[in-house]
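Letter by letter, the chains look like this.
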Amino acid sequence: MKKQLFRGTELLAIVLSAFLALVMGRWSIIVIAATGGALVGLAQDRASGGWKRALQIGLIMSAATVLMGWFHNNVLQLLPVQETINASARSLLTYVGAMAIGVFTSVAIAWLRCLENQKAGRIGQLAILAAYAIAFPFFDAVTGSVWMATIIVCLIYAMQAQGLNIVAGFSGMLDLGYVAFFAIGGYTVALMNSEFAGRHMPFMLIIWIAAAAAALFGLLLGAPVIPLRGDYLAIVTLGFGEIVPIAFKNLEAIRINEPISAIIAWLSGKGAETVTCLIGCGDTPYNLTNGTQGISPIGSPGESFVVGNYTPWYFLILAMVVISVFLIHQLRHSRIGRAMVAMREDELAASAMGVPVTRIKLTAFMIGAMFSGFAGAFYGSYVSFISPDAFDFSISVIVLCMVILGGSGSIIGVLMGALVVKIIDLLVLDKLQVIINGIMHVTVFKWNTNPGLNNFLESLLNMTQYKLLLFGLILVIMMITRPQGLVPASVAKYPEGK
Amino acid sequence: MQTAANSRAGLRQSPIWRILLAIPIIYVVLLLGQPAGLDLPKIVDTIRNDPGILLQQLINGLANGAIIAIIALGYTLVYGIIELVNFANSDVFMLGTFTALLSMSPFIIMSENGGASVPWWAALIAFFPAMGIGALLNVTIERVAYRKLRNAPKLIVLISALGMSFILQNIGLQLGSLGKLAQAGPQFSIFSILGSNNAAPKSFPSVFSNDNLLEYVFPSEPTPTPAADAGGAAAAGAVAGELSEDAVMATANAAIDATMVADEATRAAAPTEVVAADAEVTPEVAVADAEATPEAPVADAAAEIVATEEPTPDIIATMNAENGGQDVMAEAPAATNEAGQSIERTKVRITFKDLLVISVAVVLMLVLRWFIANTKMGKAMRATAQNRDAAKIMGIDVDRVIAITFAIGGALAGAAGMMTGIYNGTFVFTMGFTAGLRSFTAAVLGGIGNITGAALGGILIGILAAFSDQFLSVRWTNAWIFLVLVLVMLFRPTGLLGKHGGEKA
């Protein structure tokens, strides 16, 4: 049997890290090497050769990253539109650091994964990830890479992706309107803690209200359609994701009369005085959401949470993500979680074995909505501004992309998928745009004097307009080549009789 | 335990349970529907004062419904054979409109006042590339994204379809960039119709006049209302390039003020103001482009609609309620309409476009029915739909049958794209999304997999959309359609004409 040179995930880790390093350059290669190393490590198990193979692959990955980073710092830098790089970012320290951290991460994680004592191995991996996560703000401050704001957004999405993972990954239900619950969470915060609503509740209370509201809407939506087949559920959730922002956009002048009394008053020809008015009875109708203008400002969780100071926000969302991951991990291995997976694998067999399919589906749907509600609540507080335009269909698809790319059903995979997709979306495409524009400026635009043609080429090569294509490609390619994702969910083994 | 569950399921099937369930649902709809424009007394009064408006919206609904029905046929055919919701179908529809526009653009005649038009034969010719490209695209999509997944779980194919839909949408966005080529030289002048902003709505040249055919049958003295006058002035201004959309809106507002009694003025002016505010919101897609404000052709189109006083809340306009320029177009005719209403009753208009769209749809449906019922390939399609493995055993080339099904669906979507262009005069690259939601609802309403059902569902959804635009609220139309979708799935998952069980695995 021929030995495979690179397996899918490893190859992708190498290519992805090299590409990201090429586009981002500077200090970021340290972060990229660490992420790539984690991916390489996660791809190993005892059968694949353990830490020895991780050492080889990690070396290749780190070398590729460093080489590409060097290329960016020294060659691409010459392009006309680049910002300048400070000297420390191109010093030897950066390259050595990236190399070391890449190799260390891959070897350490692979070694921990192959330990006899699986529990200790898992704790060790978590410790490495935790160390990186805690070190990140200091790294960001030292190097002056302004990534904190982006990473916070990434973590918000990571939280959503974890929630969708329960619905789509564990239970196998396709929810295409996931953004609706995000919006409900965001608006709940806006209505509970803002000048507009005239209420100021503590953040720690509101996020629970927001999550409960999202779960309630999940129940209301799910109850009628969940007994139906999966593709109908996908369409109904798609519609729901479309309607919720429409509702938030237009619920700015509400006046609700009791319908029976209104019809009686109309039939009997009496005036408005016999109509029982329920909401918005004054001269001006009730303004719930402030329409397209949205609600701003939204109160912050605490005194240190001010604009421009990202560190407390970062640790808050990090804590929320960690707690979510822990809870979802517990859920996955609980009775309900096992029922979900059984249902996903074979609904008929599961129901024959006594799994209450409809109830489990509804539970999964509600829990998934709840995590999106948490994320929405944090998002509302973080940007301090909520408007219906922030919740369009593409968010649902981005979150789905994260789940699919990372590996549906795999908690750690989805976490990595979320970070990769959102970082590409927010940071890499812009950088790529700058580089391509630079290359065009020194080549084609120099030779070609027709301004109309140049204008057209510039618009055609505008990478920031290819987001939809990117997400579409991720979905199609992953489905065709690797539907289980980059870091597939491991098949959990339970001791017999438990 | 088991018997209790059984009796509960039996209760759920019984008509009494359904009626009992329906009463609270109707009450909740009446209660919560009010912010979305559901006000029965007002609606009945409007119709009683002006029955013509009902007929007019019925005609508009039929025409828009015909387009929805044609797209729904594509969904229902593909679903009937491989049980896949082909999300990309509605983006093929969008690209069909692009193809039609580009293949017509060499024949565009610019009139003195800036309006673009094409001769009727060019429009006729453009049907063929639109349908051809639609078919080709759909077959390619099937080959690339679905064929390898033939035996994969349903959701995997569904996700692939979703991804394909996004890819096509991005292609539509970048096709809009071709408009920038127009400045590169005279040889590229056919692209000038696309405008310089790739994300902005594109205007479609007018093919047929907006003459009221009823005028020829029952001639009457034309008595323009003040609203129409003001609208005409707005149109003239916009054509001369002097007025922005806001100005057009302002003129429309003036028209309202001039013609309406005081309380009606306050009622109608409130939404119009909001719309004007909307127009300032830059379309999000065009972040990279500085010139994100909707440009002259759009203003032109909007003004044209105001001028003709045609209460056509077109698919696209309502589809993109979030897009500034579109809102103007959707609301302006309604506003003028409300204004005109207090003066005189709506004169029912049937234009040649209405007839054309409806008759093309009918012809396409009849041809499709004939094809499926009478040809050998049609028989093979029915056999494949019934049982793919058995069909294979009987010597049917299943892959080929599926490819031909996709080709037919794509051709129909392309034709629908062309019809949308002719009928609405404007389109945008995101229109596939809402069109898809509507036509899928139509297919489910009619009974998915059933061709007559898709046609019926399309017409019903079109009429519902037109009525909602007029009598409920143009901003909530999608919500009302969604409500229909949920109610159908709740009470009759097999649809109106569906026969087989809803749980076909």
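Within every chain, residues take consecutive numbers counted from 1 along the sequence as written. Just so you know, chain letters begin at A and ligand numbers begin at 1, following the order they were written in. For this predicted model, a pLDDT threshold of at least 70 governs which residues receive local features, and a threshold of 80 or more governs which side-chain atom pairs are given and counted, while totals over whole chains, interfaces and linings are taken from all residues. For side-chain calculations, the full set of non-hydrogen atoms in the structure is used, while hydrogens and water are omitted.

(A) Region of interest: the overall build of chain A. Numbering goes from the N terminus for both helices and strands, where a helix is a DSSP run of H or I of at least four residues and a strand is a run of E of at least two. Within chain A, the regular secondary structure consists of 19 helices and 4 strands. Only C-alpha atoms enter the radius of gyration; for comparison, a globular chain is expected to reach 2.2 Å times N to the power 0.38, where N is the number of residues. Computed over C-alpha atoms, the radius of gyration of chain A comes to 25 Å, within 12% of the 23 Å expected from 2.2 N^0.38 for 498 residues, which places it in the range of a compact globule. We call a residue buried when its accessible area falls under 20% of the maximum for its residue type, exposed when it is over 50%, and partly exposed in between, using a 1.4 Å probe and counting protein chains only. The proportion of buried residues among the 498 residues of chain A is 55%. Residue contacts are counted whenever heavy atoms from the two residues lie within 4.5 Å of one another. Residue pairs in contact within chain A that sit at least 24 positions apart in sequence constitute 77% of those at least 6 positions apart.

(B) Quick look at the overall build of chain B. Each helix and strand counted, chain B has 22 helices and 4 strands in total. When burial is assessed residue by residue, chain B has 58% of its 505 residues classed as buried. Sequence-distant contacts in chain B: of pairs separated by 6 or more residues, those separated by 24 or more amount to 79%. Shrake-Rupley sampling with a 1.4 Å probe provides the accessible areas, and residues are treated as covered by the protein chains on show and by no other component. Put simply, chain B shows about 20400 Å² of open surface, and 66% of that area lies on carbon and sulfur atoms.

(C) Seen up close, the pattern of salt bridges. Residues and elements named next belong to chain B. Salt bridge, as used here, is a side-chain nitrogen of Lys or Arg placed within 4 Å of a carboxyl oxygen of Asp or Glu. Taken as a whole and assessed by the stated rule, the structure comprises 9 salt bridges over all chains. Among the ionic pairs, E142 bridges to R150, the shortest N-O distance being 2.2 Å. The same class applies to E142 as to R150, namely buried. Close ionic contact of D399 with R150 constitutes a salt bridge, the shortest N to O distance being 2.6 Å. Of this pair, D399 sits in helix 19 (residues 398-424) while R150 sits in the loop between helix 6 (120-146) and helix 7 (154-175), and the two are 249 residues apart along the sequence. With relative accessibility at 34%, the residue D399 sits in the partly exposed group. With a relative accessible area of 18%, R150 lands in the buried category. Taken together, the shared-partner salt bridges connect E142, R147, R150 and D399 into one network.

(D) Spotlight on unusual backbone geometry. Positive phi values are uncommon outside glycine, yet A:S384 reaches one of about 60°. By the element assignment, A:S384 lies in the loop between helix 14 (357-383) and helix 15 (393-406). The backbone of B:E83 shows a phi angle near 55°, a positive value even though the residue is not glycine. By secondary structure assignment, the location of B:E83 is in the loop between helix 4 (51-82) and helix 5 (89-104).

(E) Structural view of the environment of A:M320. All names here are of chain A. Assignment of secondary structure puts M320 in helix 11 (residues 310-332). As for M320 and F374, which are separated by 54 residues in sequence, their C-alpha atoms are 8.4 Å apart. With residues up to four places along the chain from it excluded, the contact list for M320 reads M159, F374 and F378.

(F) Representation of helix 5 (residues 118-143) of chain A. All names here are of chain A. Compared with the 38 Å implied by 1.5 Å per residue over 26 residues, the 36 Å span of helix 5 between its first and last C-alpha is a close match. The sharpest bend along helix 5 comes to roughly 40°, located at F136, with the proline P137 sitting one to four residues further on. Among all positions in helix 5, only G121, G124, Q125, I128, A133, F136, P137, F139, D140 and T143 are buried. In this fold, the buried residues of helix 5 make contact with helix 2 (28-42), helix 4 (92-113), helix 6 (148-170) and helix 11. Positioned one or two residues after helix 5, G144 has a phi angle of 70°, which is positive. An expected span of 1.5 Å times one less than the residue number is assigned to each helix. Here the bend at each residue means the angle between axes fitted to two seven-residue stretches, the one ending at that residue and the one beginning there.

(G) Quick peek at the interface of chain A and chain B. Counting residues at the interface gives 66 residues for chain A and 69 residues for chain B. Remark: the boundary between chain A and chain B carries 0 salt bridges. We define a polar contact as two N or O atoms separated by no more than 3.5 Å, with the added condition that, inside protein, one atom must be a possible hydrogen donor and the other a possible acceptor, whereas residues neighbouring each other in sequence contribute only through side-chain atom pairs. Where chain A touches chain B, the interface holds 4 residue pairs in polar contact (both at pLDDT 80 or more). Only helix 8 (203-225), helix 9 (230-250), strand 3 (256-257), helix 10 (259-267), helix 15, helix 18 (451-460) and helix 19 (467-481) of chain A provide two or more residues apiece to the side of chain A that touches chain B. Residue contributions to the side of chain A that touches chain B peak at 14 residues, all from helix 9 of chain A.

(H) Representation of a nonpolar patch on the surface in the model. Residues B:F107, B:W120, B:W121, B:L124 and B:I125 make up a contiguous nonpolar surface patch of about 520 Å² in total accessible area. Its place among the elements puts B:I125 in helix 6. Each patch is built from residues lacking any salt bridge and having more than 30% relative accessible area; the joining distance is 9 Å for like charges and 5 Å for nonpolar side chains (Val, Leu, Ile, Met, Phe, Trp, Tyr).

(I) Summary view of the domain arrangement of chain A. Residues and elements named next belong to chain A. What counts as a domain boundary in this text is fixed by an automatic or database domain assignment. Domain assignment breaks chain A into domain 1 (1-145) and domain 2 (149-252 + 287-447). Of note, the centres of domain 1 and domain 2, computed from C-alpha atoms alone, are 28 Å apart. Across the boundary between the two partners, domain 1 contributes 22 residues, which contact 20 residues of domain 2. Joining two parts hides part of their accessible area as seen by a 1.4 Å probe, and the buried area is that hidden amount summed over both. In this assembly, domain 1 packs against domain 2 so that about 1800 Å² is buried in total across both faces, 88% of it on carbon and sulfur atoms. Counting across the domain 1 and domain 2 interface gives 0 salt bridges. Here domain 1 is connected to domain 2 by 1 residue pair in polar contact (both at pLDDT 80 or more). Breaking the side of domain 1 that touches domain 2 down by element, the ones donating at least two residues are helix 1 (8-24), helix 2 and helix 5. Take the side of domain 1 that touches domain 2: its biggest share by element is 6 residues, from helix 1. Partitioned by chemical class, the residues of the side of domain 1 that touches domain 2 number 17 nonpolar, 3 polar and 2 charged. Put simply, Ala, Val, Leu, Ile, Met, Phe, Trp, Tyr, Cys and Pro go in the nonpolar bin, Asp, Glu, Lys and Arg in the charged bin, and everything else, Gly too, in the polar bin.

(J) Expanded view of the packing of helix 7 (residues 179-192) of chain A against helix 14 of chain A. Residues and elements named next belong to chain A. Helix axes use the C-alpha atoms of the stretch in contact, all axes being lines fitted to C-alpha atoms, and the angles between their N-to-C directions lie in the range 0 to 180 degrees. Closest axis-to-axis distance for the helix 7/helix 14 pair is 6 Å, and the angle between their directions is 45°. Judged by the inter-axis angle, helix 7 sits oblique to helix 14. Crossing angle aside, the handedness with which helix 7 passes helix 14 is right-handed. Contacts between helix 7 and helix 14 involve F181, F182, G185, G186 and V189 on the former and, on the latter, F365, A369, S372, G373, A375, G376, A377, Y379, G380 and S381. For the contact of helix 7 with helix 14, the residue count by class is 8 nonpolar, 7 polar and no charged. Throughout, the term roughly parallel applies to angles under 35 degrees, roughly antiparallel to angles over 145, roughly perpendicular to angles from 65 to 115, and oblique to all others. Rotating anticlockwise by less than a right angle from the far helix to the near helix defines a left-handed crossing, while the corresponding clockwise rotation defines a right-handed one.

(K) Highlighting the nonpolar core. Among buried residues, those of type Ala, Val, Leu, Ile, Met, Phe, Trp, Tyr and Cys that are joined through side-chain atoms within 4.5 Å constitute a nonpolar core. One finds A:F378, B:Y146 and B:M418 to be the most contacted residues of the largest nonpolar core, which totals 280 residues. Once you skip the residues sitting within four places of it in the chain, B:Y146 turns out to touch B:L84, B:N86, B:A88, B:I141, B:V157, B:S160, B:A161, B:M164 and B:F406.

(L) Seen up close, the environment of A:I360. Within the secondary structure, A:I360 sits in helix 14. Residues A:I360 and A:G49, spaced 311 residues apart in sequence, show a C-alpha to C-alpha distance of 39 Å.

(M) Fine view of helix 17 (residues 376-386) of chain B. Residue and element names in this part refer to chain B. All buried positions along helix 17 are accounted for by M377, G378, A380, M381 and T384. Along the long axis of helix 17, the arc covered by the buried residues comes to 160°, so they all point the same way. Exposed and facing more than 90 degrees away from the buried side of helix 17 are K376, K379 and Q386. Where helix 17 is buried, its residues contact helix 4, helix 16 (352-374), helix 18 (388-393) and helix 19. Along the arc lie the directions from the helix axis toward the C-beta atoms.

(N) Structural detail: the side chain of A:S387. In this fold, A:S387 is placed in the loop between helix 14 and helix 15. The exposure class of A:S387 is buried, given its relative accessible area of 7%.

(O) Quick look at the confidence of the model for chain B. Residues and elements named next belong to chain B. On average, residues of chain B carry a pLDDT of 72, and 70% of them reach 70 or more. Scored from 0 to 100, pLDDT records how confident the predictor is in each individual residue. Averaged over each element, pLDDT in chain B is lowest for helix 12 (residues 262-278) (35) and highest for helix 19 (91). In the model, residues 223-343 has pLDDT below 50 throughout and makes 179 contacts with residues more than four positions away in sequence or in other chains. Counting contacts from residues 501-505, a segment whose pLDDT is below 50, to residues more than four positions away or on other chains yields 11 contacts.

(P) Here's a closer look at the packing of aromatic side chains. Here is the rule: rings of Phe, Tyr and Trp (six-membered ring for Trp) pair when centre to centre is within 6.5 Å. Planes less than 30 degrees apart are stacked, more than 60 are edge-to-face, and the remainder are tilted. Evaluated as defined, the whole model comprises 25 aromatic pairs over all chains. Seen in terms of ring centroids, A:F378 and A:Y382 are 5.9 Å apart; in terms of plane orientation they differ by 15°. Their pairing is stacked. Here A:F378 pairs with A:Y382, and both are found in helix 14, just 4 residues apart, close to one helical turn. According to the relative accessible area criterion, A:Y382 is buried, its value standing at 15%. Considering the side-chain rings of B:Y75 and B:F440, the 6.0 Å spacing of their centres and the 75° angle between planes classify their relative orientation as edge-to-face. Within this pair, whereas B:Y75 is found in helix 4, its partner B:F440 is found in helix 20 (residues 431-446), the two being separated by 365 residues in sequence. Three or more aromatic residues link up through ring pairs in this structure, and these residues are A:Y157, A:F182, A:Y187, A:F248, A:Y379 and A:F391. Positioned above the aromatic ring of A:F170 is the side chain of A:R332, whose terminal nitrogen or guanidinium carbon lies 6.0 Å from the ring centre. Placement of a positive charge over a ring is assigned whenever Lys NZ or Arg CZ falls within 6 Å of the ring centre and within 35 degrees of the normal to the ring plane. Just above the ring of A:Y157 sits the side chain of A:K422; from NZ or CZ to the centre is 4.0 Å.

(Q) Just the packing of helix 2 of chain A against helix 5 of chain A, in detail. All names here are of chain A. Contact pair helix 2 / helix 5: the axes reach a minimum separation of 12 Å and the direction vectors enclose 170°. Here helix 2 lies roughly antiparallel to helix 5, going by the angle between them. For the pair helix 2 and helix 5, contact is made by I30, V31, A34 and L42 and by Q125, Y132, F136 and F139, respectively.

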